[in-house]
Each structure stands twice: as C-alpha cells, then as structure tokens.
Amino acid sequence: MANIHLDTIAKGYGETAVLKGVSIDIRDGEFLTLIGPSGCGKSTLLRIIAGLETQDSGSIAVDGDIIDGKRPKERDVAMVFQSYALYPHYTIYDNIALPLRTRRLSNAQRFPLLGSLVPGRQTIEVGIRQEVGNVAEMLGISHLLDRKPGQLSGGQRQRVALGRAMVRHPKIFLMDEPLSNLDAKLRVQMRAEIVDLHRRLGVTFVYVTHDQAEAMTMSDRVAVMIGGDVLQIAPAEELYRNPDDIRVAEMIGSPKINVVARKHWRIGAPQFALPDSQIAFRPESATIAAPSGGMLEGNVAGIENLGADIFVKVELGDAGPMVVRRAPGERRLEIGESVSVITDAAHMLVFDAAGKRVRPVERIAA
C-alpha cells in the first residue's frame, strides 16, 4: 500500500494551462476519485502520477519518496485504461502473464522458440502460471484464459485488464475511465466488482471519471476538478450536502441543484444572503404548494414520472427553471398550473457573486 503526496502539480501545452498547481494528499489504501468535465485535467494528472507524462513544476512523493523523473516501470503503479489496451493476437492468459514475463524472464528466455530451452525458463513459467491462475480465479475469468480478446464481451475484457494490473501486485492502481465503454447495466455491475476488488486488495486506488454515479458510489473521497484546479476534496455525502463552491454543488447530484438569485426571492431567504448572492437547494428539499405568496412562484413546465419519484419542472420567469421532487400519490399537477415553491432555510446553500460558499458564521464574523 502507499500514500501519495501531490505538491502544486502544474502542466501546460503551449499557452494552455491544463493543471494549475494541484495539491492532493491521497491516503494509504484509499479509493480517491477525480471527477470533472472533459478537459479539466484529471486524466493528465493520472498520467503524471503514472510517469507517462512529466509535470512542468511541482513534485510527487509516494510513501515520502520523491518519484519525479522515475520511469513508469520504476514507480510500482499499474494503470487500467479506458480502451483496455489488450494485445489482440495474444490469448487472455498471455495478456495477463505479460507483465510477469517482462519482469522475470531475461532477454534470452523471452526469445521466441529457443527461449524455452534457456535454463530456468520452465521454472519461472510454472510460477507465472500459478499467479495468473490465482488472479483469474479471483476475477471469475479462469474459463477464458485460452480465448483471444476479440472473443470476449466488454465486461470480460475489462476484467482481463484488471487482472493484468493485479498480477504485478502494485502499490497503486490508476484507472482512467475504465467503465465508459460499457453499457449502463454492465457499468453498475462492474462498479460493484471494482469496489469489492479494492476492499480485498487494500491498496491505493486513484480513479478518473466524469460520471458522478461512479464517483458517488465507489469512493472514499472525491476530488472535484474544473479548469485545472481542485475545487474540493471530501466524501461524496459531504460534497452533496456541504459544497464549498457553486460549481461543486452543480456538478454533484441528479437532478442538478436549483440555483436562484437572491433578488428573485419574495420571502424566506437567509438574512445573511446579500442582494448579489445566489441561493441553492436540492430538488428533494422543496415542496410545491398553491400560489399564495410563497418564497418563489411560477408555472409547471414539465413532469417526469420515474415511478419511485416524480420530478416537476417549474418555470420561474426571469429566475429561470427549477426542479422539485415529489412522491407518488401527491396531488396531480397540470402543465401550465400556477404554483409556489417552498423550502426550509436549513436546506438553503448561499453562494456569493463569485460562486464561493457563504455560511452564517462567516457573515457574522464579517
């Protein structure tokens, strides 16, 4: 296992700054997910940890040892790519065994045909076969070892990619959107399998995704990245309930959090919410009532019935649209109907004009 210390990592391409001094402490054995939109720098940061790219400035330490300048194979990390990166002409067994053969066999022993005659080759291959078999059994792919990657489903190929990483017994697993090529049902299954794998191995996982469902359900902590910066690092529940930045609030949660300018509130806004501030609340934190001088008033613009939940879109005119979650069995609403939206002050999040969180104690202290 290993802890990772990223100290002000910066990276740019030409005049474009991809990473702007990112600092993160990743704990020993932790499952940390980097989440953000395309182009935010999360995959670049992962590749820098792996040694596949070099940062312009800043440093990386693993267990206190600086690894800047070390080649990828010297960093004791294993990376699982979005494309799986399997060799199509190799069997599944040979794909998984490749890292061990590269590490343990001499150049002469790896030589085609004649290599098998070099002393020691057979003994090493026996050990490799045992280790590949153990990993394949753990991943449930023992019956696939004689097949080629083209004969496997996407989920099976993903397990092979994981097996090839696991067989090296690395200190750190790096995963770059490994589930993005799978269908929705298989993604859910593989999420559970990767979490279980992390629990059994107990090693440090750094996982990159743009899918908030993956980040929310798999991680010990989530680092939200936007525009080359890390905005907040916290457990998923903390990001959802207590975001520090309005961009974090809007990224985490589905449907997206409702954001309304303070000036549009009729009554009930927190006293510390200044005129140029924004007030946000989650769809499940609000209720819909008859139009009777409520906090916010508008018209029903859409209804989405998902069975267990009903989401109602309310158009607030100049304040824009918002979404409120309702439970089945509540009074049926009609498109165009005038309604009020009500929420308790305890559920309101206030952000200043720059999008930074404003809390009551901060306002009193000011």
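Draft legend 1. Geometry of the sheet that holds strand β4 (residues 57-62). Strand order in this open sheet of four strands is β2-β1-β4-β5, and the pairing throughout is antiparallel. Strands at the two margins of the open sheet, each flanked by one partner only, are β2 (16-26) and β5 (65-66). Direction of pairing for strand β1 (residues 4-13) relative to β2: antiparallel, over a ladder of eight bridges. Counted as the bridge partner of I9 is V22 from β2. Here helix α1 (residues 42-50) sits on the sheet and contacts β1, β2 and β4; the angle it forms with β1, its principal contact strand, is near 120 degrees.

Draft legend 2. Just the packing of helix α2 (residues 92-104) against helix α3 (residues 121-139), in detail. Two numbers describe how α2 lies on α3: the axes approach to 10 Å, and their chain directions differ by 135 degrees. Taken together, the axes of α2 and α3 are oblique relative to one another. Read as a crossing pair, α2 and α3 show a hand that is right-handed. Every residue of α3 that contacts α2 at Y93, I96, A97, L100, R101 and R104 is listed here: I124, E125, G127, I128, R129, E131 and V132.

Draft legend 3. Quick look at unusual backbone geometry. Residue P255 is reached from S254 by a cis peptide bond, and omega for that bond is 0 degrees. In this fold, P255 is placed in the loop between α8 (246-251) and β11 (258-261). Phi is positive for D76, which is not a glycine, with a value near 55 degrees. Summarising the element assignment, D76 is placed in the loop between β5 and β6 (77-80).

Draft legend 4. Structural detail: the pattern of salt bridges. Within the structure shown, the criterion is met by 18 salt bridges. A salt bridge links R159 to E193; the shortest N-O distance between them is 2.7 Å. Here the residue R159 occupies a position in helix α4 (residues 154-166), and E193 occupies one in helix α5 (residues 184-201), the gap between them amounting to 34 residues. On the basis of relative accessible area, R159 is assigned to the buried category, the value being 11%. Salt-bridge contacts for R359 lead to D244; the nearest nitrogen and oxygen are separated by 2.9 Å. Of this pair, R359 sits in the loop between β19 (357-358) and α9 (360-365) while D244 sits in the loop between α7 (236-241) and α8, and the two are 115 residues apart along the sequence.

What counts, and where the lines are drawn
- Sequence positions are assigned chain by chain, starting from 1 and proceeding in written order.
- pLDDT decides what is reported in this predicted model: residues at 70 or higher carry local features, side-chain atom pairs at 80 or more are listed and counted, and totals for whole chains, interfaces and linings draw on all residues regardless.
- Hydrogens and water molecules were not included; the side-chain quantities draw on all heavy atoms of the structure.
- One bridge is not enough; two strands pair if DSSP finds at least two bridges between them.
- Only DSSP runs of H or I reaching four residues or more are called helices, and only runs of E reaching two or more are called strands; each is numbered from the N terminus.
- Contact criterion: two residues are considered in contact whenever any of their non-hydrogen atoms come within 4.5 Å of each other.
- A fitted line through C-alpha atoms serves as each axis, taken over the contacting stretch for helices, and the angle formed by two N-to-C directions is quoted from 0 to 180°.
- An angle counts as roughly parallel when it lies under 35 degrees, as roughly antiparallel when it exceeds 145, as roughly perpendicular when it falls between 65 and 115, and as oblique in every other case.
- Crossing handedness is defined as follows: a turn of the near helix away from the far one that is anticlockwise and smaller than a right angle gives a left-handed crossing, while the clockwise case is right-handed.
- Just to be clear on terms, a salt bridge is a Lys or Arg side-chain nitrogen sitting within 4 Å of an Asp or Glu carboxyl oxygen.
- Here the term buried applies to any residue with accessible area under 20% of the maximum for its type, exposed to any over 50%, and partly exposed to those in between, with areas from a 1.4 Å probe on protein chains only.

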